[in-house]
Amino acid sequence: MNFTRGERLVMQRSDQEAAADQTPDAVIIKMTGVNKWFGAFQVLKEVHLEVRRGERVVICGPSGSGKSTLIRCLNQLEEHQQGAILIDGVKVSRTMRNIATMRSEIGMVFQSFNLFPHLTALENCALAPMKVRGLRAEEAKRLAMDLLDRVHIADQAQKYPAQLSGGQQQRVAIARSLCMSPKIMLFDEPTSALDPEMVKEVLDVITDLASSGMTMLVVTHEMGFARSVADRIIFMDKGQIAEEAAPEQFFVNPRNERTRQFLGQILSSQPRSRERTSTG
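All values reported here derive from a predicted model rather than from experimental measurement.

Asker: Sorry if this is basic, but what is going on with the sheet that holds strand S10 (residues 240-245) here?
Answerer: Paired through backbone hydrogen bonds, the strands of a sheet run either parallel or antiparallel to each other. What the 6 strands build is an open sheet, ordered S6-S7-S8-S3-S9-S10; its pairing is mixed. If you trace the sheet from one side to the other, it starts and ends with strand S6 (106-109) and S10, each paired once. The sheet shows a mean angle of 20 degrees between the axes of neighbouring strands, direction not considered. In the sheet, strand S7 (residues 184-188) pairs with strand S8 (residues 215-219) via 5 bridges, with the strands oriented parallel. Its bridge partner lying in S8, Ile184 is registered against Thr215. Most of the contacts of helix H6 (residues 166-178) go to S6, to which it runs at about 170 degrees, and overall it touches S6 and S7.

Now the structure itself:
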């Protein structure tokens with residue numbers, strides 16, 4: 001039987017995922033002694049972090065603590081100056097020859113959606129599988145529709161971003177990342193640009209993804225979501241990981257005084273109704 005290049009890539013990807021599933025507890029992300037400066041300002045200081053395959057990690061902390069920079073270093077949207085980052089055993093840097101391939105393995109959802117305004121939701125999702133994975137247009141659109149349906153927005157497939165609400169645009173952005181069949185999903189404060197009533201619909205989609213066993217790192221201030229979904233919560237302060245713990249310990253008995261101060265401030269600022277909404 002003859003297969004198209006796109007079909008062969010999809011089958012190869014499925015074989016790789018099946019092999020990976022045999023070692024579900026393997027470390028897929030490893031950061032060792034990572035340091036990052038913006039000019040004279042050091043934004044990451046000796047960061048050490050390991051994330052296992054299928055683990056759901058929430059990263060929180062005050063503004064300017066290095067949360068977003070940490071996850072942006074993973075796919076080298078920001079280049080670290082010292083230390084080592086390994087993704088699935090491969091050392092990553094801006095100079096690596098296969099950096100485009102590495103980035104295609106890591107889905108990322110930003111605060112501001114970043115959809116192409118001149119493309120429909122369906123076209124936004126189908127573009128990368130065609131350009132990067134080599135899928136035919138029909139294959140890519142079928143995949144895109146399946147994933148738009150997964151994030152409960154298939155009925156908006158033919159609309160342009162300007163015709164969608166913020167929550168709908170963010171769900172399209174999530175579907176677009178999933179179209180690349182990533183090993184890892186990174187979420188950089190995915191609800192911070194949304195009106196409060198739109199937050200739940202996006203968090204519900206991320207919660208569904210979490211239940212599927214996908215490796216996820218989520219930068220967020222939504223503490224109800226963090227408590228119900230995360231396997232581990234990391235608190236960052238002044239460029240360092242100040243505390244990491246399972247949700248129950250993190251919320252009930254945090255060890256670090258700075259963590260206790262942060263939780264007191266942020267939990268008191270989130271309305272109880274918002275917290276209940278975040279937990280579904």
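There is more to say after this.
Asker: Please clarify how the pairing of strand S9 (residues 232-237) should be interpreted in this entry.
Answerer: Successive side chains on a regular strand alternate, one facing one side of the sheet and the next facing the other. Taken across its 6 residues, S9 has 6 buried, putting it largely inside the fold. In S9, alternate side chains face the same way, and those of Arg232, Ile234 and Met236 on one face and Ile233, Phe235 and Asp237 on the other are all buried. With 4 bridges joining them, strand S3 (residues 56-60) and S9 adopt parallel strand pairing. If you follow Val58 over to S9, its bridge partner there is Ile233. By the bridge criterion, 5 bridges tie S9 to S10 in an arrangement that is antiparallel. Looking across to S10, one finds that Phe235 is bridged to Glu243.

Asker: Mind showing me how you'd approach the side chain of His80 here?
Answerer: Looking at the element boundaries, His80 is found in the loop between helix H2 (67-74) and strand S4 (82-87). On the basis of relative accessibility, which here comes to 11%, the residue His80 falls in the buried class. Within the structure, His80 has its side chain in polar contact with the side chain of Gln76 (distance 3.2 Å). Non-local contacts of His80, meaning those with residues more than four positions away in its chain, are made with Val34, Asn35, Lys36, Cys73, Ile85 and Val92.

Criteria and thresholds
- Residues numbered from 1 in each chain as written.
- Predicted model: local features only at pLDDT ≥ 70, side-chain atom pairs only at ≥ 80, totals over all residues.
- Heavy atoms only, no water.
- Pairing = 2+ DSSP bridges.
- Helix = DSSP H or I, 4+ residues; strand = E, 2+ residues; numbered from the N terminus.
- Axes fitted to C-alpha atoms, helices over the stretch in contact; angles between N-to-C directions.
- Contact = heavy atoms within 4.5 Å.
- Buried < 20%, exposed > 50% of the residue type's maximum accessible area, 1.4 Å probe, protein only.
- Polar contact = N/O pair within 3.5 Å; in protein donor to acceptor, adjacent residues only side chain to side chain.

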